[in-house]
Amino acid sequence: MIYLQLFWEFFKTGLFAVGGGLATLPFLYDMAARTGWFSAGQLADMLAVSESTPGPIGVNMATYVGFTSAGVGGAVVATLGLVTPSVMVILIVAAFLKAFRDNRWVNAAFYGLRPASTAMVAAAGVSVVLLTFWNGEAEGLARLNWRAAALAAVLLVLTRWVEPTKKLHPIVFILASAVVGAVLGF
């Protein structure tokens, strides 16, 4: 039964999360609240692992949730659930797009999807920032995670304004952040 639940939850997520992997975050927050398969804190860890491993973020997160919920079989089922809607839509669109490519309604629909997907990605970004930098249980300035803010500030400076490090590959910063996080116990 857990396999069917995993497939269905991630099928819905894959069907409606337009805009890429970060657009799945609102669906994952909802899933965490409804199913209890993982907590909001675990979601932050999943996001960190998913962003630092090869592959699409959404697929990595589906695989992670499936694995932690039901082992290897759960990982496979959750991943298939997430990608199945995309495959179906791509096949349908490919079959009909050539015939309808110049249709003004089709062009308008694609144009309308842009702000919707932008808003979903922005909402996911705000959620990640709040989860990373704010401790809702503390009061006043103690709510701010100073170590995370300092690391973010250092990374911003190194990637934007320090010439020797501006041209480094992003993986260097991801690995360095992982080391700093492990050493400082983030």
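Residues numbered from 1 in each chain as written. Predicted model: local features only at pLDDT ≥ 70, side-chain atom pairs only at ≥ 80, totals over all residues. Heavy atoms only, no water.

## Points about the nonpolar core
And step 1. Grouped together as the largest cluster of nonpolar side chains are 19 residues, with contacts concentrated most on Leu6, Phe10, Leu28 and Phe38.
And step 2. Listed by contribution, the elements that provide at least two residues to this core are helix H1 (2-16), helix H2 (25-35), helix H3 (40-52) and helix H4 (57-100).
And step 3. If one sorts the elements of this core by residue count, H4 sits on top with seven residues.
And step 4. With near-sequence residues (within four places) excluded, Leu28 lies in contact with Phe10, Phe38, Leu43 and Met61. (Core = buried A, V, L, I, M, F, W, Y, C linked by side-chain atoms within 4.5 Å. Buried < 20%, exposed > 50% of the residue type's maximum accessible area, 1.4 Å probe, protein only. Helix = DSSP H or I, 4+ residues; strand = E, 2+ residues; numbered from the N terminus. Contact = heavy atoms within 4.5 Å.)

## With respect to the confidence of the model for the protein
And step 1. Averaged over all residues, the pLDDT of the protein is 87; the fraction at 70 or higher stands at 100%.
And step 2. Within the protein, the element-level pLDDT minimum falls on H3, averaging 82, and the maximum on H1, averaging 94. (pLDDT = per-residue confidence, 0-100.)

## Focus: the pattern of salt bridges
And step 1. Under the defined criterion, the tally for this structure stands at four salt bridges.
And step 2. In this structure, Arg34 engages Asp30 in a salt bridge whose closest nitrogen and oxygen atoms are separated by 2.7 Å. Here Arg34 and its partner Asp30 are both found in helix H2, four residues apart, which amounts to about one turn of the helix.
And step 3. Taking relative accessible area as the criterion, Arg34 reaches 44% and is therefore assigned partly exposed.
And step 4. Residue class for Asp30 comes out partly exposed when judged on its relative accessible area of 38%. (Salt bridge = Lys/Arg side-chain N within 4 Å of Asp/Glu carboxyl O.)

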